Amino acid sequence: MASADPHGLDIELMMTPHAAIQSTCGAKNLSCLIWRITSINDSDDISNQYISTRCSRCAEVRRAARIDLVLRGYIPNDNIGTVFTVAGQAAVAGHENRHVLVHTLAYNEYLRPIQGTGSYATRCGRIYRPEPGEAQALLSMYLQDLRTRMTAVFVNWDNRAQAIIENEYASADNIPNPTVPNTLLFNGIKKPTKIPGDLPKYLPPDLPDCPRANP
Ligand SMILES: [Zn+2]
């Protein structure tokens, strides 16, 4: 399953040999998901903002730099009968899909509104300053500050929510391996996370003050 969302989500869950997971994600037992935010903190960030100067002394944010969230999940396809059962493999895929869903919720709550024509990106309206370029510079600083603060809130909430998903393995359903005595196979998760019911409440956004409309 792969999809590229025009608004910034890029998601792929791959079925792959276990060795590939270990080389990509480290010594994880069952599966893993890696993620990163792109377009943040790179040197083109500010110059990618489209601030229209309607005159030499006023400016407004028309489109802020795009922020993408890239998610890559890895699920082994060669562990059936040695690490998990067929049902266990499906449970692992469900677990990774819940990680993805939580990242998506966090993205929509905190990152989508600060990019493009998002409500937080454009909320300051038109700014005027007598010094040429000053209004534009103030909005550039606003957007930079907005990204810093909201990315922190995103990470804060997302980490808490992902930890709840991760804790699903505390309720692992393991069954005796029929072919290797005294070993177990992972067969499922007894208490999968309910989304959104089991997730933490959203944190409030951390918005910088807008520059005053006039000096
Ligand atoms: Zn996990």
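Values in this document were obtained by computation on a predicted structure and should not be read as measured data.

On to the overall build of the protein chain. Counting its regular elements, the protein chain contains 3 helices and 9 strands. Tracing the protein chain from N to C terminus, the helices and strands come up as β-β-α-β-β-β-β-α-β-α-β-β. Here the protein chain holds 215 residues, and 28% of them are scored as buried. In the protein chain, once contacts between residues fewer than 6 apart in sequence are set aside, the share between residues at least 24 apart is 75%.

What follows covers the packing of helix 2 (residues 86-111) against helix 3 (residues 134-166). A pair of packed helices can be characterised by two numbers: the angle between their axes and the separation between those axes. Taken N-terminus to C-terminus, the directions of helix 2 and helix 3 make an angle of 155 degrees; their axes are 9 Å apart at the nearest point. Relative to helix 3, helix 2 is oriented roughly antiparallel. By crossing handedness, the relation of helix 2 to helix 3 is classed as right-handed. Residues His-95, Arg-98, His-99, Val-102, His-103, Ala-106, Tyr-110 and Leu-111 of helix 2 lie in contact with helix 3, whose contacting residues are Met-150, Val-153, Phe-154, Trp-157, Asp-158, Ala-161, Gln-162 and Ile-165.

Glancing now at the nonpolar core. Counting residues in hydrophobic clusters, the biggest one holds 27 residues, and the most contacted among them are Leu-111, Ile-114 and Leu-139. Among the elements of the structure, strand 5 (58-63), helix 2 and helix 3 are those that each provide at least two residues to this core. Sorting elements by how many residues they give to this core places helix 3 first, with 10 residues.

Within the secondary structure layout, Phe-186 lies in strand 9 (residues 184-189). The buried category is assigned to Phe-186, around which 21 C-beta atoms lie within 10 Å. Considering only alpha carbons, one finds Phe-186 and Pro-176, 10 residues apart in sequence, at a separation of 8.9 Å.

As a further point, take unusual backbone geometry. The omega torsion across Ile-195 and Pro-196 is 10 degrees, close enough to zero to call that bond cis. Positionally, Pro-196 belongs in the segment after strand 9. Backbone geometry places Asn-182, a non-glycine residue, at a positive phi of 65 degrees. Along the chain, the position of Asn-182 falls in the loop between strand 8 (172-176) and strand 9.

So, on to the environment of Leu-143. Inspection of the secondary structure puts Leu-143 in helix 3. Sequence-wise, Leu-143 and Tyr-120 are 23 residues apart; in three dimensions their C-alpha atoms are separated by 9.1 Å.

The next subject is the confidence of the model for the protein chain. Predicted coordinates in regions of low pLDDT should not be interpreted in detail. In this model, the protein chain carries an average pLDDT of 87, and 88% of its residues clear a pLDDT of 70 or more. Considering only residues more than four positions removed or in separate chains, one finds that residues 41-50, a stretch of pLDDT under 50, has 13 contacts.

Along the polypeptide, Lys-191 turns up in the segment after strand 9. Counting along the chain gives 20 residues from Lys-191 to Ser-171, while the straight-line C-alpha distance between them is 6.0 Å. Excluding residues within four positions of it along the chain, Lys-191 makes contact with Glu-168 and Ser-171.

Basis of the calculations
- Residues numbered from 1 in each chain as written.
- Predicted model: local features only at pLDDT ≥ 70, side-chain atom pairs only at ≥ 80, totals over all residues.
- Helix = DSSP H or I, 4+ residues; strand = E, 2+ residues; numbered from the N terminus.
- Buried ≥ 20, exposed ≤ 12 C-beta atoms within 10 Å, placed from the backbone.
- Contact = placed C-beta atoms within 7 Å.
- Axes fitted to C-alpha atoms, helices over the stretch in contact; angles between N-to-C directions.
- Parallel < 35°, antiparallel > 145°, perpendicular 65-115°, else oblique.
- Left-handed = near helix turned anticlockwise from the far one by under 90°.
- Core = buried A, V, L, I, M, F, W, Y, C linked by C-beta atoms within 7 Å.
- pLDDT = per-residue confidence, 0-100.

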